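Descriptive structure summary
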Amino acid sequence: MPHWVKVAVEGECPVGMLKGVMADGVPVVLANVEGSICALRDQCSHEDYPLSDGELEGNDVVCLYHGARFDACSGARKTLPAIRPVQSFPVEIRDGEIYVDVG
Ligand code: FES
């Protein structure tokens, strides 16, 4: 069941940046990939550290801790040491505000 939560306004996540937010208790990392906002669970699938501590490189979220890479929009795992993907969430922009469906 959809559960849309307002997590930020657009200007808070500029192009090429990550931003960690909470969505009704769910940690979410927003990624601005060339102007499009994507959202993943803010928890690396390797050892659960926040992905928002890392960086966005092109389409990849790069974990600060051991360098695993994930697709910023699908959450697909790209490199070791992670072996599992990260959950992704639908995103909508409404009047300049960012909503994430964590349902
Ligand atoms: S916690 Fe992210 S790569 Fe280890």
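What counts as what
- Within each chain, residues carry numbers counting from 1 in the order of the written sequence.
- Given that this is a predicted model, residues contribute local features only at a pLDDT of at least 70 and side-chain atom pairs are listed and counted only at 80 or more, while totals for whole chains, interfaces and linings are drawn from all residues.
- To qualify as a helix, a DSSP run of H or I must reach at least 4 residues; to qualify as a strand, a run of E must reach at least 2; elements of each kind are numbered from the N terminus.
- The globule rule used here is 2.2 Å times the number of residues to the 0.38 power, and the radius of gyration it is set against is calculated over C-alpha atoms.
- For the exposure call, what matters is how many other C-beta atoms sit within 10 Å of a residue's own: 20 or more marks it buried, 12 or fewer exposed, and in between partly exposed, using C-beta atoms placed from the backbone.
- Here contacts are defined at the residue level, using C-beta atoms placed from the backbone and a cut-off of 7 Å between them.
- What makes two strands pair is DSSP finding at least two bridges between them.
- In this analysis an axis means a line fitted to C-alpha atoms, helices contributing only their contacting stretch, and an angle means the value between N-to-C directions, from 0 to 180 degrees.
- Defined on buried residues, the nonpolar core groups Ala, Val, Leu, Ile, Met, Phe, Trp, Tyr and Cys residues joined through C-beta atoms within 7 Å.

This brings us to the overall build of the protein. The secondary structure content of the protein amounts to zero helices and 10 strands. Seen in sequence order, the protein has helices and strands lined up from the N terminus as β-β-β-β-β-β-β-β-β-β. Here the C-alpha radius of gyration of the protein, 12 Å, is about what a compact globule of 103 residues would show, namely 13 Å. Projected onto its principal axes, the C-alpha positions of the protein cover 40 × 30 × 20 Å. Sorting the 103 residues of the protein into buried and exposed places 32% on the buried side. Long-range contacts, defined here as pairs at least 24 residues apart, represent 41% of the contacts in the protein between residues at least 6 apart.

This paragraph deals with the sheet that holds strand S6 (residues 60-62). Strand order in this open sheet of three strands is S5-S6-S7, and the pairing throughout is antiparallel. Sheet topology places strand S5 (55-57) and strand S7 (69-71) at the edges, where each strand pairs with a single neighbour. Direction aside, neighbouring strands of the sheet carry axes that sit 30° apart on average. In terms of strand pairing, S6 meets S7 through three bridges, oriented antiparallel. Counted as the bridge partner of valine 62 is arginine 69 from S7.

Turning to the sheet that holds strand S8 (residues 88-89), a few remarks are in order. Pairing is antiparallel in the open sheet, where four strands are placed in the order S2-S3-S4-S8. Each end of this open sheet is capped by a strand with a single partner; those strands are strand S2 (18-23) and S8. Note that S2 and strand S3 (residues 26-33) share six bridges and pair antiparallel. Counted as the bridge partner of methionine 22 is proline 27 from S3.

Judged by nonpolar contacts, the single largest core of 26 residues is most densely connected at Val28, Leu30, Leu40 and Val61. Secondary structure elements with two or more residues in this core: S2, S3, strand S4 (36-41) and strand S10 (97-101). Apart from the residues lying within four places of it in its own chain, the contact partners of leucine 30 are Val7, Ala8, Cys13, Leu18, Lys19, Val21, Ile37, Ala39 and Ile98.

On to the pairing of S3. Counting the residues in the hairpin turn of S2 and S3 gives two residues, including aspartate 24, whose phi is positive at 50°. Where S3 hands over to S4, the hairpin turn is made up of two residues, of which glutamate 34 adopts a positive phi near 50°.

Scope: geometric values only; no functional claims are made or implied.
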